[in-house]
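# Breakdown of the fold
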Amino acid sequence: MSTQTPAPLHWKLVIDAADPHAQADFWAAALHYTAEDNSTLVERLLSLGALPEEATVEYHGRRAFRDLIAVRHPDDPHDPDAGTGLGRRLLFQRVPEAKTAKNRLHLDLHPGAGRRADEVARLTALGARILHEVEGPAGDWTVMADPEGNEFCVQ
């Protein structure tokens, strides 16, 4: 039996969305992330007949998948052939149903000491809205919602 420590698993957070590309734009700006460019992969799949034309859209002047797009940390590695990030990522996938309940999972953003108010103002200008403020013994934070109503916190 091997006693070697297993390598950590690679993961991404997948978020259901009515408009994945608008969500990607919001979260790329909110986190200072980069929207993935999968256009090379999309074009290759189209040329092979493995992807129908109607499964694509134009996104920022390039071909993209219609129903999903991810944003990634700009310093993390990515596959240049597919455009897929190999590190910290959020993947937005189109779903037909609207959000109906509170998130069971959410992001906490940490802009740094004394910067919460400025960050909340910046995120509000990007399309988020303030849901409520929390003040307590564990700390203070602002609960916000992204343009599709997904909750997140700014500490």
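Going by the structure above, here's the rest.
Reading the values: the criteria
Residues numbered from 1 in each chain as written. Predicted model: local features only at pLDDT ≥ 70, side-chain atom pairs only at ≥ 80, totals over all residues. Heavy atoms only, no water. Helix = DSSP H or I, 4+ residues; strand = E, 2+ residues; numbered from the N terminus. Buried < 20%, exposed > 50% of the residue type's maximum accessible area, 1.4 Å probe, protein only. Contact = heavy atoms within 4.5 Å. Areas by Shrake-Rupley, 256 points an atom, 1.4 Å probe, with all protein chains shown as cover. Lys, Arg positive; Asp, Glu negative; His and termini not counted. Charge placed at Lys NZ, Arg CZ, Asp CG, Glu CD. Pairing = 2+ DSSP bridges. Axes fitted to C-alpha atoms, helices over the stretch in contact; angles between N-to-C directions. Phe/Tyr/Trp six-rings, centres within 6.5 Å; stacked < 30°, edge-to-face > 60°. Arc of directions from axis to C-beta.

Scanning the protein from terminus to terminus reveals 3 helices and 10 strands. Its helices and strands in sequence order give the protein the pattern β-α-β-α-β-β-β-β-β-α-β-β-β, from N to C terminus. Taken along its principal axes, the extent of the C-alpha atoms in the protein is 60 × 50 × 30 Å. Buried residues in the protein amount to 37% of all 155 residues. A sequence separation of at least 24 residues applies to 60% of the contacts in the protein between residues at least 6 apart. By element, 55% of the accessible surface of the protein is carried by carbon and sulfur atoms, the whole surface being about 9,500 Å². Considering the protein, the positive charge centre built from 16 side chains and the negative charge centre built from 24 side chains are found 2 Å apart.

As summarised here, the arrangement of the 4 strands in space is S1-S6-S5-S2, forming an open sheet in which the pairing is mixed. Each having just a single partner strand, strand S1 (13-17) and strand S2 (34-35) make up the two edges of the open sheet. Looking at chain direction, S1 and strand S6 (residues 89-94) are connected through 5 bridges and run parallel. For Ile 15, the partnering residue across the bridge sits in S6 and is Phe 92. Sitting on the sheet, helix H1 (residues 20-31) touches S1, S2, strand S5 (68-72) and S6, and the angle it makes with S6 is about 160 degrees.

This part takes up the packing of aromatic side chains. A full pass over the atoms with the stated rule returns 3 aromatic pairs. Seen in terms of ring centroids, Phe 26 and Phe 152 are 6.3 Å apart; in terms of plane orientation they differ by 55 degrees. Their pairing is tilted. Separated by 126 residues along the polypeptide, Phe 26 in helix H1 and Phe 152 in strand S10 (residues 151-154) bring together distant segments of the chain. Here Phe 26 and Phe 152 have matching classes, each one buried. Ring centres of Trp 27 and Phe 152 lie 4.9 Å apart, and the angle between their planes is 70 degrees; this geometry places the pair in the edge-to-face category. Here Phe 152 lies in strand S10 and Trp 27 lies in helix H1, a separation of 125 residues in the sequence. Considered together, Trp 27 and Phe 152 belong to a single accessibility category, that of buried residues. Here the aromatic cluster, defined as three or more aromatic residues joined through ring pairs, consists of Phe 26, Trp 27 and Phe 152.

This brings us to the pairing of strand S8 (residues 129-136). Bridge analysis of S8 against strand S9 (residues 139-145) gives 7 bridges, and the strand direction is antiparallel. Looking across to S9, one finds that Ile 130 is bridged to Met 144. The antiparallel hairpin formed by S8 and S9 contains 2 residues in its connecting segment.

Bringing helix H3 (residues 116-126) into the picture now. Buried within H3 we find Glu 119, Val 120 and Leu 123. One side of H3 carries all its buried residues, which in axial view fall inside an arc of 100 degrees. Facing away from the buried side of H3, by more than 90 degrees, are the exposed residues Ala 117, Asp 118 and Ala 125. Taken together, the buried residues of H3 touch H1, strand S7 (107-109), S8, S9 and S10.

This part is about unusual backbone geometry. Positive phi values are uncommon outside glycine, yet His 32 reaches one of about 60 degrees. With respect to the helices and strands, His 32 occurs in the loop between H1 and S2. Classification of His 32 as exposed rests on a relative accessible area of 55%. Phi is positive for His 60, which is not a glycine, with a value near 55 degrees. Tracing the backbone shows His 60 in the loop between strand S3 (56-59) and strand S4 (62-65).

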